[in-house]
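# Architecture at a glance
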Amino acid sequence: MKVKFMVLAVLGMFAFGCQPKEQPKEEPKAAQGEAEKAKAEAEKVKAEAEKIKAEAEKMKAEAEAAKAKAEAEAAKPAETKPEEVKKEEVAAPAEVLGEPNPTGKKVELVFHVMSQCPFGTQVMNGISPVLRKMGAWIDFRLEFIGNVDGDNLTSMHGDAEVKGDIVELCLQKHLYENFKYFDVLDCMNKDMRAIPGNWEQCAKDAKIADDKFALVKTCYEGQEGKDLCKTSFQKSEQVGARGSPTMFLGGKPYRGGRGENDYVRGLCDEMAQDAKAKACADIPPPIEFEAIVLADKRCTDRTCDTSRLTMSFQSMFPGMKLRSLDWEQEEAKTLFDAEGITFLPVILFGPEVAKAEGYERLGRFLTDSKSGKYKVFAGRASHDPKSEICDNKIDDTGDGVIDCDDATCKQKMVCREEVAGKLELFVMSQCPFGVKGLNAMEQVLATFGADLKFEVHYIGDIQDGKPTAMHGQGEVDENIRELCAIKKFPETYMKYILCRNKDIRSENWQACATAETGVDAAAIEACFKGEGTQMLIDDYAVAKGLGIGASPTWIANGRYQFSGIDSKTIGQNICQHNSALAGCAKLDTLAGDTGAPAGSCN
Ligand SMILES: [Ca+2]
């Protein structure tokens with residue numbers, strides 16, 4: 001399940017990161033106010049950059065003061081009890097980590113991450129040896145991605161992640177010199193799930209001095225850490241860093257490879273020709289290998305669009321020689337059959353890919369092709385090029401029926417009937433974003449009343465004939481119970497769901513099957529043990545047929561897909577297609593985007 005989640009996470013954003021927020025380009029429409037908002041954001045970012053610069057200068061001044069103090073201590077005459085001078089601690093600040101930097105100029109590198117995102121720890125692992133090798137040339141900083149709601153801090157991977165973010169920020173602040181904090185982070189990241197609990201042992205293993213340890217501990221446990229975290233979340237928000245990792249090199253977004261040499265290459269490119277670090281001369285050239293994108297342009301579904309995926313691979317592997325083949329070409333058909341491929345699009349990698357830097361991140365997503373000549377990345381591929389294309393007015397399969405008349409097209413969006421006032425919501429019951437989407441429906445349903453034909457569907461997979469879910473068996477069970485509630489108590493099931501959503505991970509679902517919610521626990525139990533599992537299997541097929549994998553996803557009128565988690569966005573999308581509904585006159589009363597984390601589980 002964990003691997004599955006990783007695959008989905010990777011494919012969800014095509015960029016190897018943890019992504020709580022939808023890509024802006026996937027937003028339903030670019031409102032007119034967006035430009036102004038962007039402008040205001042830019043101003044904010046600029047102001048913030050200045051603040052950050054000032055902070056960096058303050059930090060530098062502090063470091064210099066500490067260094068001067070240490071040097072003064074070290075220079076004290078020998079008669080002041082030499083045996084009591086802790087040599088290492090005194091000498092440390094004067095040391096330069098790795099290659100000295102006579103130019104005094106540094107390249108700025110900022111990573112925005114989440115402490116429990118595997119892709120975030122991966123880039124930390126990638127940069128760590130670089131900091132040791134040429135840290136004096138790098139103005140490096142870690143920032144964290146999360147959500148600020150007043151004094152409440154939340155993050156995609158839960159409360160432990162917020163605590164992890166806090167302790168890592170405290171380590172950065174108090175052990176910044178010579179990137180000493182990376183001694184601790186390297187150790188913590190070896191067991192990401194143990195964050196934040198493993199920081200103390202890791203600090204001990206890294207032989208952090210007692211006074212520094214105390215500073216970090218006080219910071220972590222007190223207001224200082226919370227403040228650092230809040231500021232850091234805000235910085236990430238202001239530069240638009242939503243997915244972990246989002247990286248900026250020399251002030252520009254960095255989308256290059258994530259291996260040691262990739263970073264060195266990127267940093268060296270930012271250094272002036274006459275002032276490069278010596279390390280820049282020793283970067284090995286990237287490994288070259290062949291790659292083929294096998295696609296079908298007749299498929300207009302989003303899952304058939306390979307542009308972002310190939311772009312991301314191209315930046316990961318500068319030595320990749322990519323060519324494209326379309327289904328209409330004979331070579332594509334030949335490869336498709338010879339290599340045992342069933343769905344498009346896929347990317348076929350030549351075997352040398354295994355030697356490329358960064359392969360360890362890709363390898364587990366690849367399978368061997370039938371002939372063994374290629375490594376196949378199938379990703380989210382679900383288009384069968386030999387099946388009927390549902391919207392090209394051609395009988396592709398030669399069975400006498402065209403497009404939507406063909407049985408295989410019935411479930412596709414293009415073949416669905418438009419139904420005025422219908423609103424479908426696709427969720428995973430334990431997905432925090434799905435929970436928010438369902439909660440937002442309380443106001444929407446109150447506003448639109450019976451005019452709205454509302455349906456909830458669930459997202460998951462079938463393995464060995466059994467339903468599975470991204471958030472585990474607890475989610476499967478709750479999906480079933482909610483479906484049972486929907487079926488048995490169509491008038492009041494939302495009360496049950498809203499009650500469950502207050503603590504969706506709780507196993508005590510019975511507490512929400514009460515007279516108050518109008519949902520009877522015995523009836524749910526009977527359905528759960530009886531027809532419930534088959535109901536869920538059938539229900540999963542609806543999302544599958546439509547290619548929907550992100551929780552929450554909405555469809556208005558059976559045809560118009562959109563995303564969002566606040567009542568106003570939902571209402572606006574309903575009214576875009578049903579402007580005559582009485583509720584549309586009350587759109588302004590709906591709660592809008594509160595700055596709560598928008599996004600999806602996918
Ligand atoms: Ca067709």
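Below is a short write-up of the structure. Everything numeric in this text was worked out from a predicted model, so none of it was measured.

What counts, and where the lines are drawn
Residues numbered from 1 in each chain as written. Predicted model: local features only at pLDDT ≥ 70, side-chain atom pairs only at ≥ 80, totals over all residues. Pairing = 2+ DSSP bridges. Helix = DSSP H or I, 4+ residues; strand = E, 2+ residues; numbered from the N terminus. Axes fitted to C-alpha atoms, helices over the stretch in contact; angles between N-to-C directions. Parallel < 35°, antiparallel > 145°, perpendicular 65-115°, else oblique. Left-handed = near helix turned anticlockwise from the far one by under 90°. Contact = placed C-beta atoms within 7 Å. Nonpolar A, V, L, I, M, F, W, Y, C, P; charged D, E, K, R; others polar. Buried ≥ 20, exposed ≤ 12 C-beta atoms within 10 Å, placed from the backbone.

## Quick notes on the sheet that holds strand β16 (residues 553-556)
The strand order β13-β12-β16-β17 describes an open sheet built from 4 strands, whose pairing is mixed. In this open sheet, the two edge strands, each paired with only one partner strand, are β13 (453-458) and β17 (560-562). Within the sheet, the average angular offset between the axes of one strand and its neighbour, ignoring direction, is 20°. Note: β16 against β17, 3 bridges, orientation antiparallel.

## Quick word on the packing of helix α15 (residues 473-488) against helix α16 (residues 493-500)
It is at 8 Å that the axes of α15 and α16 come closest, and there the two elements cross at 155°. Overall, the two elements α15 and α16 adopt an arrangement that is roughly antiparallel. For the element pair α15 and α16, the recorded crossing hand is right-handed. Counted together, Glu478, Glu482, Ala485 and Ile486 of α15 and Tyr493, Tyr496, Ile497 and Arg500 of α16 form the full contact between these two elements. Class assignment of the residues belonging to the contact of α15 with α16 gives a composition of 5 nonpolar, no polar and 3 charged.

## Some points on unusual backbone geometry
Note the cis peptide between serine 244 and proline 245, where omega equals 0°. In this structure, the amide linkage connecting serine 551 to the following residue, proline 552, adopts the cis form with an omega of 0°. Residue position: proline 552 is located in the loop between α18 (532-546) and β16. Unlike most non-glycine residues, asparagine 178 shows phi in positive territory, near 55°. With respect to the secondary-structure elements, asparagine 178 resides in the loop between α5 (159-174) and α6 (181-189). Residue class for asparagine 178 comes out partly exposed when judged on the 19 C-beta atoms lying within 10 Å of it. The backbone of aspartate 403 shows a phi angle near 50°, a positive value even though the residue is not glycine. In this fold, aspartate 403 is placed in the loop between β11 (375-377) and β12 (422-427).

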